[in-house]
Amino acid sequence: MPDYDKEGLVSAWTFDGNGGARRIGWEEVAQGVPSGERFQWINLQLLEHRHGRSTWLDLHSGVDPSIVESLVAAETRPRCALFDNGAFLNLRGINLMPYSLPDEMHSIRFWVEPHRIVSVRRRALSAVGDFEDAIQRGRAPRTPGEFVADLSMRLVDRMDTVITALAEQADELEEQVLSATLSNLSPKVSEVRRVAIILRRYIAPQREALNHFSLEDAEWLSPRDRNRLREAADRVTRFAEELDSVRDRAAVIYDQMVERRAEQMNRSMLVLAAVTVIFAPLTLITGLMGMNVEGIPGAQDPNGFWAVTVLAAGLGVGLVAWLRTIRWL
């Protein structure tokens, strides 16, 4: 058997159908499911230097080439396709690993047969890591249907964490919109709306994929597994609605910010107009009185300066009082 350790094998497991499982290597993968075991799981990592292709998948997996193309495709949306000998399922999951962004939804693709599951990923997913930890603790799925249902629920649980945090962030922004500085608030609103749009783009199709997979007419998919898949699909539907709500609320917050900015501008323009109304007559008077020509009234009077000052002050007070009467100030 060739050495495929460099061909992207992350892990491989064999399940006894009674809640037990053990890790296996390439040699046992090549031999197929041994007697006394129920099914195998081969978890592969796509390698960039292989241009997204795995030699084992192409030459030794026995999977139809068209399905292999779907397993190693570049970026695809969640979907499900049913075949006579199995089902293809493409799901997305939010990564809760350190240094992961909340809008990073990585894909994991499955080819599910009665006695084998082949999964292909590009990046590690925390949900899959937790799933393998549960297998090591003796909480392994008993059928391929239970496998898919359990992993789907784990992917959905992590969506719940991120989307709840996003909704809470929208709540905080709604409270701050009337008090916070607009220059500080605007980037936060834009980020919330951007993340909501990106998440919804992948979450909404996942509902259809899970519902479609639950319709698979196979013995390894029990009624309980179908119900769990439908429950996961229902939760995904709720997440999509919540993301729609967050996106709409972010739009409303942005509209409130625009209104508040327009209000501030109108207020500034009103103050500028009031200042103009007050000082334009005073500027005219002082300009006329400041001309260096003969005939200026009070030019020879020692009290002329104070007379003009009192006149200008009185006129200014009168204009302020008038503006207050018409509620400009």
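Residues numbered from 1 in each chain as written. Predicted model: local features only at pLDDT ≥ 70, side-chain atom pairs only at ≥ 80, totals over all residues. Heavy atoms only, no water.

Once that is clear, we can look at the overall build of the chain. What the chain contains, in helices and strands, is eight helices and seven strands. Counting over 329 residues, the chain shows a buried share of 45%. Residue pairs in contact within the chain that sit at least 24 positions apart in sequence constitute 68% of those at least 6 positions apart. (Helix = DSSP H or I, 4+ residues; strand = E, 2+ residues; numbered from the N terminus. Buried < 20%, exposed > 50% of the residue type's maximum accessible area, 1.4 Å probe, protein only. Contact = heavy atoms within 4.5 Å.)

Next up on the list: the confidence of the model for the chain. For the chain, per-residue confidence averages 82 on the pLDDT scale, and 88% of positions sit at 70 or higher. Of all the helices and strands in the chain, helix 2 (residues 55–60) carries the lowest mean pLDDT, 74, while strand 7 (residues 116–121) carries the highest, 91. Throughout residues 1–6 the model reports pLDDT below 50, and contacts reaching past four residues in sequence, or to other chains, amount to 10 contacts. (pLDDT = per-residue confidence, 0-100.)

In contact at an axis separation of 9 Å, helix 5 (residues 144–176) and helix 7 (residues 223–289) are set at 20° when each is read in the N-to-C sense. The angle between helix 5 and helix 7 falls in the class roughly parallel. Helix 5 and helix 7 meet at a crossing whose hand is left-handed. (Axes fitted to C-alpha atoms, helices over the stretch in contact; angles between N-to-C directions. Parallel < 35°, antiparallel > 145°, perpendicular 65-115°, else oblique. Left-handed = near helix turned anticlockwise from the far one by under 90°.)

Between helix 4 (residues 126–136) and helix 5, whose axes approach to 9 Å, the crossing angle comes to 130°. Classified by the angle their axes make, helix 4 and helix 5 are oblique. In this structure, the crossing between helix 4 and helix 5 has a hand that is right-handed. Taken together, the residues of helix 5 that come into contact with helix 4 (itself represented by S126, A127, V128, D130, F131 and A134) are F147, D150, L151, R154, L155 and R158. Classifying every residue of the contact of helix 4 with helix 5 by side-chain character gives seven nonpolar, one polar and four charged. (Nonpolar A, V, L, I, M, F, W, Y, C, P; charged D, E, K, R; others polar.)

Looking now at the packing of aromatic side chains. Taken as a whole and judged by the stated rule, the model has nine aromatic pairs. Relative to F147, the ring of W41 has its centre 5.0 Å away and its plane inclined at 65°; by these criteria the two rings are edge-to-face. Remark: F147 occurs in helix 5 and W41 occurs in strand 3 (residues 39–45); sequence separation between them is 106 residues. In this structure F147 comes out as buried when scored by relative accessible area, which is 0%. A ring pair is formed by F213 and W220, whose centres lie 6.1 Å apart and whose planes are at 45°; its orientation type is tilted. Judged by relative accessible area, F213 falls into the buried class, the value being 0%. Members of the aromatic cluster, joined through ring pairs, are F15, F39, W41, F110, F131 and F147. The ring centre of Y202 lies 4.1 Å from the NZ or CZ of R92, which sits over that ring. (Phe/Tyr/Trp six-rings, centres within 6.5 Å; stacked < 30°, edge-to-face > 60°. Lys NZ or Arg CZ within 6 Å of the ring centre and 35° of its normal.)

Another aspect to go through is the pattern of salt bridges. What the rule picks out here adds up to 16 salt bridges. Between E146 and R142 there is a salt bridge; the shortest N-O distance is 3.6 Å. In this structure, D150 and R154 form a salt bridge, with 3.5 Å as the shortest nitrogen-oxygen distance. Here D150 pairs with R154, and both are found in helix 5, just four residues apart, close to one helical turn. (Salt bridge = Lys/Arg side-chain N within 4 Å of Asp/Glu carboxyl O.)

The biggest cluster of nonpolar side chains holds 60 residues, and the ones touching the most others in it are W41, F110, F147, L199, I203 and F213. Taken together, the elements giving at least two residues each to this core come down to strand 1 (9–15), strand 3, strand 5 (86–94), strand 6 (105–113), helix 4, helix 5, helix 6 (182–214) and helix 7. Once residues lying within four places of it in the same chain are set aside, the contact partners of I203 are M105, M159, I163, V236, F239, A240 and L243. Judged by nonpolar contacts, the second largest core, of 19 residues, contains A12, L44, V68 and V72. (Core = buried A, V, L, I, M, F, W, Y, C linked by side-chain atoms within 4.5 Å.)

Our next topic: helix 8 (residues 304–325). Between the first and last C-alpha of helix 8 there are 32 Å, a value that for 22 residues agrees with the 32 Å anticipated at 1.5 Å per step. All of the buried residues along helix 8 are G304, A312, G316, L319 and L323. Taken end-on, helix 8 shows its buried residues confined to a sector of 105°, consistent with a single buried face. More than 90 degrees from the buried face of helix 8, the exposed residues found are W306, V310, V317, R324 and T325. Along its buried surface, helix 8 packs onto helix 7. Looking one or two places after helix 8, you find R327, whose phi comes out positive at around 65°. (Expected span 1.5 Å × (residues − 1). Arc of directions from axis to C-beta.)

Another point: the environment of E69. Looking at the secondary structure, you find E69 in helix 3 (residues 65–71). In the structure, E69 is positioned 12 residues away from L57 in sequence and 9.7 Å away in space, judged by C-alpha atoms.

Before going further, it helps to examine the side chain of S152. As for its position among the elements, S152 is in helix 5. Residue S152 is classed as buried on the basis of its relative accessible area, which comes to 2%. In contact with S152, not counting residues within four places along its chain, are L91, L210 and L229.

Attention now moves to the sheet that holds strand 7. Strand order in the open sheet formed by seven strands is 2-1-3-7-6-5-4, with mixed pairing between adjacent strands. The open sheet has two free edges, formed respectively by strand 2 (21–23) and strand 4 (79–83), since each of these has just one partner strand. Strand-to-strand, the axes of this sheet are offset by a mean angle of 20°, without reference to chain direction. Where strand 5 lies against strand 6, eight bridges are found, and the strand directions are antiparallel. (Pairing = 2+ DSSP bridges.)

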